[in-house]
Amino acid sequence: SGAVPEEAVDAAITRIYKAFIRLGGIDPPSLISYKRLGPSDVDTAAARQLAYEAAQQLIVLLKNDGNLLPLDGTKLSTIAVVGPHGNATQDMLSNYHGTNTVVNSHSPLQALESALGAAKVKYARGCDVAKNDTSGIAEAVTVVKSSDIALVFVGLDQSQEREGLDRTILQLPGVQQQLIESIVGTGKPTVVVLINGGPLAIEWVKDHVPAIIEAFYPGEMGGDAIADVLLGKISPGGRLPYTVYPTDFAQQRPLTDMGLRSNDGITYRYYKGTFLWEFGFGLSYTSFSYSWHSSFPRSHFAVEYAVESSIQYSVNVTNTGRMAGDEVVMGFINSTDPDAPLKELFAFERIHLKPGQSTEVHLSVPARVLSLVNSEGVETVRPGIYGIQIGSLNTRLVLSGDPRVLFDLSAIKKRQKFAV
């Protein structure tokens, strides 16, 4: 019918076949490494180690008042593991996974028993993730009262969030909140470990529990990674991939509202309201200091230089604590332009440092984070004043010269004469 020009169809087909060819679609099987995979390549030692490292790196320490963590197993007689995820196995896998039996022997409870000895670890489920049955809470309280510390594992599962199922509230479902309050009421030191995907509004927990860990859905080796963080074999270095909004956020903003700036905004780039924890937040068992690699960085650049060469910042990061650990060096940018986001992550790098060790980190500012797109689809880098934040360091970036167009969707639409 001519509704779509032939050249547009050719372009789409070309993109598909380029990907097909790059994936080896026309190569003989002998040249395609994935074709040679067999049962012996599944669940290898290397695969388990990778699963462990992934779980370890994603864990975020949200709160650690009084340095309650890490725990010293040699000074604790008994530890209480309670909550619906204390002995979690399949729930740690989330969804989009194949059959997995490895996780069945790597729950948090099993990992803690392996590390400390089964005699030191007491367990009570307390309640389910989403059911309103409180009959198990009394047993959990009894177990905690006879222990030195309580580790409370709560969160979400696939009955609450999955493909085709969205939550309408941000709180813990079921009676998990009641379980936590009952445990805290014993007066025993308490650590809450969250196993979940989407953010959880846990204001009461934040105000009343001294230590909180976010473990997300940590996968088949998640229990081992959680235990090693709790016991200080590794220092947590993960950062939140989203902002944790307060309880009333879901009620104040319609779920169908996709406007990033409407109401108080959404995502860390546009949100102006209060939050429990912001995107990029994460504590550590050690400490890090930042300094500019050279003298104060250059602040004035031409727009053309920013587009053609990219602006780079170099910082020195030093582990000033007593424990080896990971630090995620993050670079944020903001602008005085009213159309720009409140701030935006422009680069990051994860590093590992021993106590006293330093390293140099380079972060480049890509042109795309300096650009803005107007309602016609024209993306432009404009002159203006920007703020740069890297760790504890701040500096100013001034761009001068003529605006530079990076992409013009309106021109493409006019040339091809069809809607995009």
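Refer to the structure presented above.
How each quantity is defined
- Residues numbered from 1 in each chain as written.
- Predicted model: local features only at pLDDT ≥ 70, side-chain atom pairs only at ≥ 80, totals over all residues.
- Heavy atoms only, no water.
- Helix = DSSP H or I, 4+ residues; strand = E, 2+ residues; numbered from the N terminus.
- Buried < 20%, exposed > 50% of the residue type's maximum accessible area, 1.4 Å probe, protein only.
- Contact = heavy atoms within 4.5 Å.
- Phe/Tyr/Trp six-rings, centres within 6.5 Å; stacked < 30°, edge-to-face > 60°.
- Lys NZ or Arg CZ within 6 Å of the ring centre and 35° of its normal.
- 1 Å grid on protein atoms, 1.4 Å probe; cavity = no way out; pocket = protein on both sides within 12 Å on 5 of 7 lines; lining within 4 Å.
- Points joined across faces, edges and corners; volume = space filled by probe spheres on them.
- Polar contact = N/O pair within 3.5 Å; in protein donor to acceptor, adjacent residues only side chain to side chain.
- Axes fitted to C-alpha atoms, helices over the stretch in contact; angles between N-to-C directions.
- Parallel < 35°, antiparallel > 145°, perpendicular 65-115°, else oblique.
- Left-handed = near helix turned anticlockwise from the far one by under 90°.
- Nonpolar A, V, L, I, M, F, W, Y, C, P; charged D, E, K, R; others polar.
- Arc of directions from axis to C-beta.

Caption draft 1: Representation of the overall build of the chain. Scanning the chain from N- to C-terminus turns up 11 helices and 17 strands. By its C-alpha atoms, the chain is 75 × 55 × 50 Å across when sized along the principal axes. Out of the 420 residues belonging to the chain, those deemed buried represent 46%. Contacts in the chain between residues far apart in sequence, at least 24 positions, make up 73% of those at least 6 positions apart.

Caption draft 2: Looking closely at the packing of aromatic side chains. Applying the stated rule across the entire model yields 10 aromatic pairs. Taken together, a centroid distance of 5.5 Å and an interplanar angle of 20° make the contact between F301 and Y305 stacked. Three or more aromatic residues joined by ring pairs make a cluster, and in this case those are Y245, F249 and Y271. Over the ring of Y305 we find R298; its NZ or CZ atom is 5.6 Å from the centre of that ring. The ring of F332 carries K343 above its face, with NZ or CZ at 4.5 Å from the centroid.

Caption draft 3: Representation of the layout of surface pockets in the model. Volume-wise, the largest pocket comes out at about 620 Å³. Counted as a void, the second largest pocket has a volume near 390 Å³. In terms of lining residues, the second largest pocket is bounded by 24 residues, among which R239, Y290, E327, M330 and G391 are the most central. Listing elements by their share of the lining of the second largest pocket, those giving two or more residues are β7 (288-292), β10 (325-335) and β15 (384-390). The element that contributes the greatest number of residues to the lining of the second largest pocket is β10, accounting for 4 residues.

Caption draft 4: The side chain of S314, seen in detail. Relative to the helices and strands, S314 resides in strand β9 (residues 311-319). Of note is the side chain of S314, whose polar atom sits 2.6 Å from the side chain of H362. Dropping the residues within four chain positions of it, S314 is found in contact with W292, H293, E360, V361 and H362.

Caption draft 5: Fine view of the packing of helix α4 (residues 137-145) against helix α5 (residues 176-184). It is at 9 Å that the axes of α4 and α5 come closest, and there the two elements cross at 30°. On the basis of the axis angle, α4 is roughly parallel to α5. In this structure, α4 crosses over α5, and the sense of that crossing is right-handed. In contact with I137, A140, V141 and V144 of α4, α5 contributes Q178, L179, S182 and I183. Counted by class, the contact of α4 with α5 contains 6 nonpolar, 2 polar and no charged residues.

Caption draft 6: Structural detail: α5. By the burial criterion, the buried members of α5 are Q176, L179, I180 and I183. Projection of α5 onto a plane perpendicular to its axis shows the buried side chains occupying an angular sector of 95°, all on one side. Turning to α5, the residues buried within the fold contact β2 (79-82), α4, β4 (149-155), β5 (190-195) and α6 (203-208).

Read these as layout, nothing more, since geometry by itself doesn't imply function.
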